[in-house]
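# Observations on chain architecture
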Amino acid sequence: MALADAPDAHPLPPGQHETSWQPVHYGRVPRLDVAGWRLTIGGQTEDGSLTVLDREALLALPWVEVEARLHCVARMSTPPLRWGGVRMREVVDLAPPAEGAGHVLLAAARGYAACVALADLVHPDSLLATHVDGQPLTPEQGWPGRVVLPHLYGFKGPKWVAELTYHHQPQLGWWESHGYHPRALVAQEERFAHQG
Ligand SMILES: Nc1nc2c(c(=O)[nH]1)N[C@H]1C(S)=C(S)[C@@H](COP(=O)(O)O)O[C@H]1N2
Ligand SMILES: [Mo]
């Protein structure tokens with residue numbers, strides 16, 4: 001089969017157009033020391049404890065790569081990127097939530113947060129990414145670690161992720177508190193909360 005006939009593995013979802021990848025975010029890029037990197041998992045955990053993962057704990061989990069575009073809710077999509085890291089479901093398994101605590105607030109090291117459903121966080125393509133296209137993430141790209149949830153709009157994946165907390169009720173992260181969709185499923189064009 002000629003290359004031109006190959007089915008597009010990453011078609012653009014409805015309402016999106018492709019642009020080159022130009023990392024965007026609010027505020028200054030935190031300069032984080034990888035040796036001091038920590039991910040704290042707390043809130044309504046199964047055993048009530050707080051778990052702190054360091055870089056070593058992360059590196060002990062199976063390494064995977066997932067090719068996916070990043071879809072901004074403002075309609076730009078990157079070309080396909082090869083994200084490397086660990087599956088969020090492996091991270092969740094290290095410190096699972098209490099029964100019924102199905103909402104997860106993901107907070108960045110500097111004033112940014114997003115809330116996702118536990119079911120979306122444990123999707124097989126959901127990553128705690130440390131690499132892209134075979135290279136470590138740059139500080140602008142979210143080094144030392146960012147959440148990548150390819151089936152949700154980009155705002156659901158904090159760069160410089162530092163905290164994961166389980167809740168019984170949905171929480172308002174930065175964009176959710178400005179009217180953006182609580183779930184943000186790309187395939188359904190869930191952009192704004194008023195869409196229901
Ligand atoms: N910490 C943090 N993470 C963030 C953001 C931010 O402003 N701060 N912006 C989000 C939004 S709206 C999108 S579309 C993606 C953009 O990722 P990029 O900067 O790699 O393109 O990051 C998300 N994660
Ligand atoms: Mo975005």
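None of the values given here were measured: they were computed from a predicted structure.

Lining the immediate surroundings of ligand 1 are 17 residues, of which Trp 21, Val 24, Arg 146, Gly 157 and Lys 159 lie closest. Within the backbone of Tyr 26, an N or O atom sits 3.1 Å from an oxygen atom of ligand 1. Side-chain polar atom of Arg 146 to an oxygen atom of ligand 1: 2.8 Å apart, as the coordinates give it. Among the residues forming the shell around ligand 1, the class breakdown is 12 nonpolar, 3 polar and 2 charged.

This part takes up the environment of Arg 146. With respect to the element layout, Arg 146 can be found in strand β11 (residues 146–148). Sequence separation of Arg 146 and Tyr 166 is 20 residues, and the distance between their C-alpha atoms is 18 Å. Of note is the side chain of Arg 146, whose polar atom sits 2.9 Å from the backbone oxygen of Gln 141.

Here the focus is the nonpolar core. If you look at soluble globular proteins, the nonpolar side chains tend to sit buried side by side. Leu 39, Ile 41, Val 91, Leu 121, Leu 128 and Leu 164 are the most contacted members of the largest nonpolar core, which totals 24 residues. Broken down by secondary-structure element, the contributors of at least two residues to this core are β2 (38–43), α2 (88–94), β7 (103–108) and β12 (161–167). If we skip the residues at most four places from it in the chain, Ile 41 touches Ser 49, Leu 50, Thr 51, Leu 53, Val 91, Ala 95, Leu 164 and Tyr 166. By size, the runner-up hydrophobic cluster in this structure holds 12 residues, among which are Ala 68, Leu 81, Ala 129 and Val 148.

About the criteria used
- Residues numbered from 1 in each chain as written.
- Chains lettered and ligands numbered in written order.
- Predicted model: local features only at pLDDT ≥ 70, side-chain atom pairs only at ≥ 80, totals over all residues.
- Heavy atoms only, no water.
- Near = heavy atom within 4 Å.
- Polar contact = N/O pair within 3.5 Å; in protein donor to acceptor, adjacent residues only side chain to side chain.
- Nonpolar A, V, L, I, M, F, W, Y, C, P; charged D, E, K, R; others polar.
- Helix = DSSP H or I, 4+ residues; strand = E, 2+ residues; numbered from the N terminus.
- Core = buried A, V, L, I, M, F, W, Y, C linked by side-chain atoms within 4.5 Å.
- Buried < 20%, exposed > 50% of the residue type's maximum accessible area, 1.4 Å probe, protein only.
- Contact = heavy atoms within 4.5 Å.

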